[in-house]
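Breakdown of the fold
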Amino acid sequence: MKIHIKRFFDKAADCYDSSADIQKIAAARLCSLIEADAPHTAVEIGTGSGIFTGMFISRCRPQRFIGLDIAYSMAKASSSFPGLFIQADGERLPLKNGCADILVSSSVLQWFQRPEISIPAALDTLRTGGRFCFSVFCDGTFAEMAVLNRITGFGSVYPLKTAAFYDSLLSEIPGISHQLEIHDYVLKFPDVKEFLKKQKATGARFTGRTTAAGKDSYRRFCELYQSFFGDGETIPVTYRIAYITGKRAHA
């Protein structure tokens, strides 16, 4: 499963920025929640092409920045910013506990396969008093597609965790305090084809489904999407994002 995610994002490195509309919105919102206090050491999980990275470095100006991404092409693309960039799996951080003053990640944690293990482990990289700021896509994203997939068999949706899952998980980690807010966004696209093209260009293509639906299913999916949700000129696509900020009070 992880190898497929890595492969899709590797392929998307050159076209990611031009299609990552919702990711840019999430990055800007997350960055606005971060106090600009020049931390000594900042760590970012999943730098991607550097959309959030550039915003964060410009706003917070950390003395030392460490960025990681599972896809080599993405890590390479974002390495134009000052800092150390490493190809690494965010669920297996190659970092010492207590090394970071702030841990950040935008639009990445939804890809974690075992978040109940890997998120607490990632938070162990924070020193006492260290902060964390995450944005993560949650269940409720692609709500329109989920409805039509059940009818047509096309448009399978990657199984996302609920915002309540992350809220509960963080509440159970000793020494961690956090706040979580949920934002729903609706972006408009000219048609289904244009939306799917942009989705593919961001690398966010893995759904866990091993078989592809046929042309008839795709045609019916497009027709029903416009019929059920469209306004005659555009179609809506819903995204649900949780913004999570917090602090490590003690190890």
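Refer to the structure printed above.
Conventions used here
Residues numbered from 1 in each chain as written. Predicted model: local features only at pLDDT ≥ 70, side-chain atom pairs only at ≥ 80, totals over all residues. Heavy atoms only, no water. Pairing = 2+ DSSP bridges. Helix = DSSP H or I, 4+ residues; strand = E, 2+ residues; numbered from the N terminus. Axes fitted to C-alpha atoms, helices over the stretch in contact; angles between N-to-C directions. Contact = heavy atoms within 4.5 Å. Salt bridge = Lys/Arg side-chain N within 4 Å of Asp/Glu carboxyl O. Buried < 20%, exposed > 50% of the residue type's maximum accessible area, 1.4 Å probe, protein only. Expected span 1.5 Å × (residues − 1). Arc of directions from axis to C-beta. Parallel < 35°, antiparallel > 145°, perpendicular 65-115°, else oblique. Left-handed = near helix turned anticlockwise from the far one by under 90°. Nonpolar A, V, L, I, M, F, W, Y, C, P; charged D, E, K, R; others polar.

1. Topic: the sheet that holds strand β4 (residues 100-106)
An order of β3-β2-β1-β4-β5-β8-β7 is seen for the 7 strands of this open sheet, with the pairing classed as mixed. Each edge of the sheet is formed by a strand with only one pairing partner; in this case those strands are β3 (84-87) and β7 (176-189). Taking each pair of neighbouring strands and ignoring which way they run, the sheet shows an average axis angle of 15°. As paired strands, strand β1 (residues 41-45) and strand β2 (residues 64-69) are joined by 5 bridges and run parallel to one another. Paired with Thr41 across the bridge in β2 is Arg64. Here helix α6 (residues 115-123) sits on the sheet and contacts β1, β4, β5 (126-137), β7 and β8 (235-248); the angle it forms with β5, its principal contact strand, is near 140°.

2. A closer look at the pattern of salt bridges
Once the charged atoms of two side chains with opposite charge are near each other, the side chains can pair. Enumeration according to the criterion identifies 9 salt bridges in this entry. Across the pair Arg29 and Glu181 runs a salt bridge whose closest N-O atoms are separated by 2.6 Å. A residue pair is termed long-range when its members are at least 10 positions apart, and Arg29 in helix α3 (residues 21-32) and Glu181 in strand β7 qualify at 152 residues. Residue classification places Arg29 among the partly exposed residues on the basis of a relative accessible area of 28%. Here Glu181 falls in the partly exposed class, since its relative accessible area comes to 26%. Residues Arg127 and Asp101 are paired through a salt bridge, measuring 2.3 Å at the closest nitrogen-oxygen approach. Linking Arg127 in strand β5 with Asp101 in strand β4, this pair joins segments that are 26 residues apart in sequence. On the basis of relative accessible area, Asp101 is assigned to the buried category, the value being 13%.

3. Things to note about α3
Relative to the 16 Å expected for 12 residues at 1.5 Å per residue, α3 spans 17 Å between its end C-alpha atoms, a close match to the ideal helical length. Those residues of α3 that sit buried are Ile22, Gln23, Ala26, Ala27, Leu30 and Cys31. Each buried residue of α3 lies within a common arc of 165° when the element is viewed along its axis, so the set occupies one face. Residues of α3 that are buried sit in contact with α2 (16-19), α4 (51-60), β4, β5, β7 and β8.

4. So, the packing of α6 against helix α8 (residues 163-171)
The contact between α6 and α8 brings their axes to 11 Å, and the two run at 50°. By the angle class used here, α6 and α8 are oblique. As α6 runs across α8, the sense of the crossing is right-handed. For the pair formed by α6 and α8, the contact residues are Pro115, Glu116, Ile119, Pro120 and Leu123 on the first element and Phe165, Tyr166, Leu169 and Leu170 on the second. Taken together, the residues that form the contact of α6 with α8 break down as 8 nonpolar, no polar and 1 charged.

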